[in-house]
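Now for the letters of each chain:
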Amino acid sequence: MKLVRYGKVGKEKPGLIDADGKLRDLSAVIPDVSPQYLSDAMLAKLRKLKTASLPLVKGKPRMGCPVAHVGKFIAIGLNYADHAAESGMPIPKEPIVFMKATSCIQGPNDEVMLPKNSVKTDWEVELGVVIGTEARHVSQKDALNYVAGYCTINDVSEREYQLERGGTWDKGKGCDTFGPIGPWLVTRDEVPNPQKLDMWLDLNGERMQTGNTKTMIFGVAKLVSYVSQFMTLQPGDVITTGTPPGVGMGMKKNGKAAPIYLKRGDKVSLGIEGLGEQHQTVVAYKKA
Ligand code: ZN
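Predicted model, so just to flag it, every value in this text is computed and none were measured.

**Student:** So what about the sheet that holds strand E20 (residues 276-283)? Which residues, and what values?
**Tutor:** Spatially, five strands are ordered E7-E20-E19-E14-E15 in an open sheet, and the strand pairing comes out mixed. Each having just a single partner strand, strand E7 (112-113) and strand E15 (206-212) make up the two edges of the open sheet. Note that strand E14 (residues 198-203) and E15 share six bridges and pair antiparallel. From the neighbouring strand, Leu201 faces E15, where its bridge partner is Gln209.

The structure is reproduced here in structure tokens:
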């Protein structure tokens, strides 16, 4: 099942994408794709719906983040060996955990805004994991049972804020618009192996990132289990699981560092096998 939220910012309605790829309205069934509707029991109920009886949505509405009221937006750093190498950092012995501000969450195709005075805004295609059932100290073996589903995420990052301003990475990770999520929340029954998904990212039509979740250092089950030792994972929490090589910071020319950062007017496209694509235009900073 592919759950979505569509419509204007702040007024999104719940929907699903049917077997023919058509958008259908779910608002007569659930008020929103809220955390309480992500449990196995609720998803099983939704799965029993006769999708043909749900109203078709006309046109091509904006897509929002497919999960409403995300409580925690947790991120994993340097989780692909090649990306750690291009970042000039050692392969971590334990997962690196940091937080993205939930205020950065937006729809998959909304504009990405450069922060005020930013000169090092960068991209990161990542597999997103959405928690469906409360998880505390869960074993790696059981961990995937706590997952509602998966989604595509761009972990947009400001490298100067992240790495040159002292303290934790969080300063460069939670700026407004730095969390495009979606278009779909694909329930876990449709993703039997989250460690076998191709992923890619293009900048202005040129391929920058090519990867597969099989090269993660710590897989999804390990990450859910690991993070649940430090905080209770609640329904609707999102974990973004790290990025493969090919970020702007790591670009080289003739063997020398030649980073590329986002500028106004750039077009970023990214996707993960079976989880859908995102298309963003980069815009200059503007006051809210
Ligand atoms: Zn990341």
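So much for the structure itself; the text now carries on.
**Student:** Can you tell me about the sheet that holds strand E16 (residues 238-240), naming the residues and giving the values?
**Tutor:** With respect to topology, nine strands assemble into an open sheet ordered E3-E2-E1-E13-E10-E9-E16-E4-E5, the strand pairing being mixed. Only two strands of the sheet have a single neighbouring strand rather than two, namely strand E3 (23-25) and strand E5 (96-99). Taking each pair of neighbouring strands and ignoring which way they run, the sheet shows an average axis angle of 30 degrees. Two strands pair when backbone bridges link them, and strand E10 (residues 147-154) and strand E13 (residues 185-187) are joined in this way by two bridges, in the antiparallel orientation. Following the sheet pairing, Gly149 is matched in E13 by Thr187.

**Student:** Which residues make up helix H4 (residues 220-227), and what are the values?
**Tutor:** Summarising burial for H4: seven of the eight residues are buried, a large majority. Considered for burial, the residues of H4 that qualify are Val220, Ala221, Leu223, Val224, Ser225, Tyr226 and Val227. Where H4 is buried, its residues touch strand E4 (73-77), E5, strand E9 (125-131), E10 and E16.

**Student:** I'd like a rundown of the coordination of the zinc ion, residues and numbers included.
**Tutor:** When a metal holds four donors in a tetrahedron, each ideal angle between them is 109.5 degrees; when it holds six in an octahedron, the ideal angles are 90 or 180 degrees. The protein atoms that coordinate the zinc ion are Glu124 (OE), Glu126 (OE) and Asp155 (OD), at distances spanning 1.9 to 2.0 Å. Donor residues binding the zinc ion come from one chain and are separated in sequence as E-x1-E-x28-D. Taken together, the residues Glu124 in the loop between strand E8 (121-122) and E9 and Asp155 in the loop between E10 and strand E11 (157-158) connect sequence positions 31 residues apart.

**Student:** Describe the pairing of E9, and please don't skip the residues or the numbers.
**Tutor:** Counting buried positions along E9 yields seven of seven residues, so the element is predominantly enclosed. Across the two faces of E9 the burial is the same, with Val125, Leu127, Val129 and Ile131 and Glu126, Gly128 and Val130 all buried. By the bridge criterion, three bridges tie E9 to E16 in an arrangement that is antiparallel. Looking across to E16, one finds that Gly128 is bridged to Thr240.

Cut-offs applied
Residues numbered from 1 in each chain as written. Predicted model: local features only at pLDDT ≥ 70, side-chain atom pairs only at ≥ 80, totals over all residues. Heavy atoms only, no water. Pairing = 2+ DSSP bridges. Helix = DSSP H or I, 4+ residues; strand = E, 2+ residues; numbered from the N terminus. Axes fitted to C-alpha atoms, helices over the stretch in contact; angles between N-to-C directions. Buried < 20%, exposed > 50% of the residue type's maximum accessible area, 1.4 Å probe, protein only. Contact = heavy atoms within 4.5 Å. Donors = N, O, S within 2.8 Å, 3.2 Å for Na, K, Ca; no water.

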